[in-house]
Amino acid sequence: MIEEKLNTVIALVENECSSIKTRVEFEHFKATISGPKGKLTEIMKLMGSVPKEDKPTVGKKINEAKGEIQKHLDRVLTEIEEVELLSRLGPPIDPTLPSPDSSKGCLHPIAQVRDQVIDLFHRIGFSVAEGTELETEYYCFDALNIPSDHPARDMQDSYFMPEDLQMDNVSKKNQERYLLRTHTSSVQIRTLLDEKPPIRIVAPGRCFRRDTPDATHSANFHQIEGLYVDKDVTLVDLKSTLDYFVKKTFGSSAKTRLRPSFFPFTEPSFEMDFYSPDLGKLSHKWLEIMGCGMVDPEVLKEVGLDSDQYSGFAFGMGIERIAMILQGVDDIRYYYQNDIRFLRQFSV
Ligand code: DAH
């Protein structure tokens, strides 16, 4: 009796299994066999009324039937899991094929040089300060002792913003105008107002000037500003710091020279030139590399520092200029065209 019933259930499972396609169908079907009211469960309940002497044989039969049924269920479940996995993976792929573009990306050549310069100054105790590309006339000019009739303040030379523009994240001193910063020197002022000496910062960033683009000019370019303010900072500190930078960047035999110049925010002011026997084609020439000088007492006064107690030096250089020398690029415009054939050459 029990054996017949068991055979019927096995046959049913065998039959039904081939039409089960999803996990829901599977669970549902399984419950009709081995669930609390399942067919197999019901048969097992009959064990109670089996005479004692028959129990071992019937028990064995039941176990065999359970094993058989489980085999079928396991097979169906494995098939269902395979289908589920494939649908998660999507269409078949061949993992041995190369990816459509397997080249690694890299930093833009200007960013590479920027990071190299930052790293050199970082090693001698300078940290990075950042300003905003949108600035106000006060931080860009007035606080730097640049007079109101200076040509840079002319509408023809700088990008001034409409009078009614308000920027919450760029503080104004008074009611002055906003403009796109013409140099990173504005970060000197923001830092001097925010921090107490000793201050040792480099400030990299993008600057803007109205300019007709040619091989060496671009309306959009990058600078790195440097500032060191403390007690007893002298011209010797300026010269030795910049010598270190030039030698590390352009070769250990590089020589530097300071030529007298003028910037409203430094006194005395210089242009620094260098030449380096390690520069191949350029090795016989003195090349101008940056403006620099001792921070003008007027600037210290403006930020509330006593110039009898404090002194400092500052410098500013164009990143493109350094990049062009180091990378042998003869037209600044290449840096902005995003031509992958150009950029790829700097992938490291
Ligand atoms: N801001 C100047 C420029 O854009 C560069 C410069 C010159 C920065 C001398 C300095 C400096 O900090 O001391 O032409």
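Just so it is clear, the structure is predicted and the values come from calculations on it, not from any experiment. (Residues numbered from 1 in each chain as written. Predicted model: local features only at pLDDT ≥ 70, side-chain atom pairs only at ≥ 80, totals over all residues. Heavy atoms only, no water.)

1. Looking at the overall build of the chain
Rules: The secondary structure listing takes helices from DSSP runs of H or I that are at least 4 residues long and strands from runs of E that are at least 2 residues long, numbered from the N terminus. With C-alpha atoms as the basis for the radius of gyration, the globule rule is written as 2.2 Å multiplied by the number of residues raised to the power 0.38. Each residue is placed in one exposure class: buried if its accessible area under a 1.4 Å probe, protein chains only, is under 20% of its type's maximum, exposed if it is over 50%, and partly exposed if it falls in between. Should any heavy atoms of two residues lie within 4.5 Å, those residues are counted as being in contact. For the area figures, the Shrake-Rupley method with a 1.4 Å probe applies, and any residue is considered shielded solely by the protein chains shown. Asp and Glu count as negative and Lys and Arg as positive, but His and the ends of the chain are not part of the count. Note that the charge is assigned to NZ on lysines, CZ on arginines, CG on aspartates and CD on glutamates.
On a plain count of helices and strands, the chain comes out with 11 helices and nine strands. Compactness check: the chain gives a C-alpha radius of gyration of 39 Å against a globular reference of 20 Å for 348 residues, more than 25% above the reference. Here the C-alpha coordinates of the chain stretch approximately 115 × 50 × 40 Å along the principal axes. Within the chain, buried positions represent 41% of all 348 residues. Long-range contacts, defined as pairs at least 24 residues apart, comprise 66% of the intrachain contacts of the chain with a sequence gap of at least 6. Entry remark: accessible area of the chain is about 20000 Å², with carbon and sulfur atoms responsible for 53%. Charged side chains of the chain number 43 positive and 55 negative; the gap between the two group centres comes to 6 Å.

2. Some details on the pattern of salt bridges
Basically, it comes down to this: Should a side-chain nitrogen of Lys or Arg be within 4 Å of a carboxyl oxygen of Asp or Glu, the pair is scored as a salt bridge.
What the rule picks out here adds up to 17 salt bridges. In this structure, Glu 42 engages Lys 45 in a salt bridge whose closest nitrogen and oxygen atoms are separated by 3.6 Å. With Glu 42 and Lys 45 both in helix α3 (residues 39-45) and three residues apart, the pair spans about one turn of that helix. With relative accessibility at 36%, the residue Glu 42 sits in the partly exposed group.

3. What about the packing of helix α2 (residues 23-34) against helix α4 (residues 55-89)?
We apply this condition: Helix axes are fitted to C-alpha atoms over the stretch in contact, other axes to C-alpha atoms as well, and angles between N-to-C directions run from 0 to 180 degrees. Working definition: roughly parallel below 35 degrees, roughly antiparallel above 145 degrees, roughly perpendicular at 65 to 115 degrees, and oblique for all remaining angles. Throughout, a crossing is termed right-handed when the near helix is turned clockwise from the far one, and left-handed when it is turned anticlockwise from it by less than a right angle. Note on residue categories: nonpolar means Ala, Val, Leu, Ile, Met, Phe, Trp, Tyr, Cys or Pro, charged means Asp, Glu, Lys or Arg, and polar means any other residue, Gly included.
Relative to each other, α2 and α4 sit at 165°, their axes nearing to 10 Å. The pairing of α2 with α4 is recorded here as roughly antiparallel in orientation. Two packed elements cross with a definite hand, and for α2 against α4 that hand is left-handed. On α4, the residues touching Arg 23, Phe 26, Phe 29, Lys 30 and Ile 33 of α2 are Ile 69, Leu 73, Val 76, Leu 77, Ile 80, Glu 81 and Glu 84. Counted by class, the contact of α2 with α4 contains eight nonpolar, no polar and four charged residues.

4. Looking at the site of the ligand
Short version of the rule: Any residue with a heavy atom positioned within 4 Å of a molecule or strand is treated as near that molecule or strand. Counted as a polar contact is a pair of N or O atoms within 3.5 Å, where, for protein atoms, one must be capable of donating a hydrogen and the other of accepting one, and residues adjacent in sequence contribute only when both atoms are in side chains. Both site types are read off a 1 Å grid over the protein atoms alone. A 1.4 Å probe that fits but cannot get out defines a cavity, while an open set with protein on both sides within 12 Å along at least five of seven lines defines a pocket; lining residues have an atom within 4 Å of a point. Each molecule is checked against the cavity or pocket grid, and it sits inside if more than half of its atoms lie within 2 Å of the grid points.
In the vicinity of the ligand, 15 residues are found, and the nearest of them are His 183, Ser 185, Arg 209, Gln 223 and Glu 225. Measuring from a nitrogen atom of the ligand, one finds a side-chain N or O atom of Ser 185 at 2.9 Å. Separating an oxygen atom of the ligand from a side-chain N or O atom of Glu 225 is a distance of 2.6 Å. With the chains in place, 89% of the 360 Å² that the ligand exposes on its own is no longer accessible. Of all the cavities here, the one that holds the ligand is the largest pocket. Residues belonging to the shell around the ligand are distributed by class as follows: five nonpolar, eight polar and two charged.

5. A look at the packing of aromatic side chains
The cut-off we apply is this: Here the aromatic set is Phe, Tyr and Trp, taking the six-membered ring for Trp, and pairing holds for ring centres within 6.5 Å; pairs whose planes are under 30 degrees apart are stacked, those over 60 apart are edge-to-face, and all others are tilted.
The final tally for this structure, using the stated rule, is 13 aromatic pairs. For the ring pair Phe 126 and Tyr 228, a centre distance of 6.3 Å and an interplane angle of 65° mean the geometry is edge-to-face. Here Phe 126 is found in the loop between α5 (109-123) and β1 (127-128), whereas its partner Tyr 228 is found in strand β5 (residues 220-230), with 102 residues between them in sequence. Seen in terms of ring centroids, Tyr 228 and Phe 313 are 5.5 Å apart; in terms of plane orientation they differ by 85°. Their pairing is edge-to-face.

6. Notes on the side chain of Asp 331
Among the structural elements, Asp 331 can be located in the loop between α10 (319-327) and α11 (340-343). Taking the relative accessible area as the measure of exposure, Asp 331 reaches 15% and is therefore buried. Aside from chain neighbours lying at most four places away, what touches Asp 331 is Asp 214, Ala 215 and Met 324.

7. What about a negative patch on the surface?
Let me state the cut-off plainly: A patch is a set of surface residues, each over 30% in relative accessible area and not in a salt bridge, joined within 9 Å for like charges and within 5 Å for the nonpolar side chains Val, Leu, Ile, Met, Phe, Trp and Tyr.
Negative charge collects at one region of the surface, where Asp 154, Asp 157, Asp 211 and Asp 214 lie side by side. Mapped onto the elements, Asp 157 comes out in the loop between α6 (137-140) and β3 (178-180).

8. Some thoughts on the domain arrangement of the chain
To keep it simple, the criterion reads: Here the bounds of each domain stem from an automatic or database domain assignment.
Domain assignment breaks the chain into domain 1 (2-89) and domain 2 (109-346). Here the C-alpha centroids of domain 1 and domain 2 sit 80 Å apart.

9. Side note on the layout of surface pockets
Our working definition: Grid points are joined across faces, edges and corners, and a volume is the space filled by probe spheres set on the points.
Counted as a void, the largest pocket has a volume near 1400 Å³. What lines the largest pocket is a set of 46 residues, and nearest its centre among them are Arg 209, Phe 221, Gln 223, Gly 318 and Arg 321. Broken down by secondary-structure element, the contributors of at least two residues to the lining of the largest pocket are β5, β7 (266-275), β8 (287-295), β9 (311-318) and α10. Considering every element that reaches the lining of the largest pocket, the biggest residue donor is β8, with six residues. Class assignment for the residues of the lining of the largest pocket results in 20 nonpolar, 15 polar and 11 charged.

10. Description of the nonpolar core
To be explicit about the condition: What we call a nonpolar core is a set of buried Ala, Val, Leu, Ile, Met, Phe, Trp, Tyr and Cys residues that are connected through their side-chain atoms within 4.5 Å.
Counting residues in hydrophobic clusters, the biggest one holds 40 residues, and the most contacted among them are Phe 121, Phe 245, Phe 315 and Met 317. Among the elements that make up this core, the one with the highest residue count is helix α8 (residues 235-250) (six residues). Not counting residues up to four positions away in its chain, the partners in contact with Phe 245 are Val 117, Leu 120, Phe 121, Met 290, Met 317 and Ile 322.

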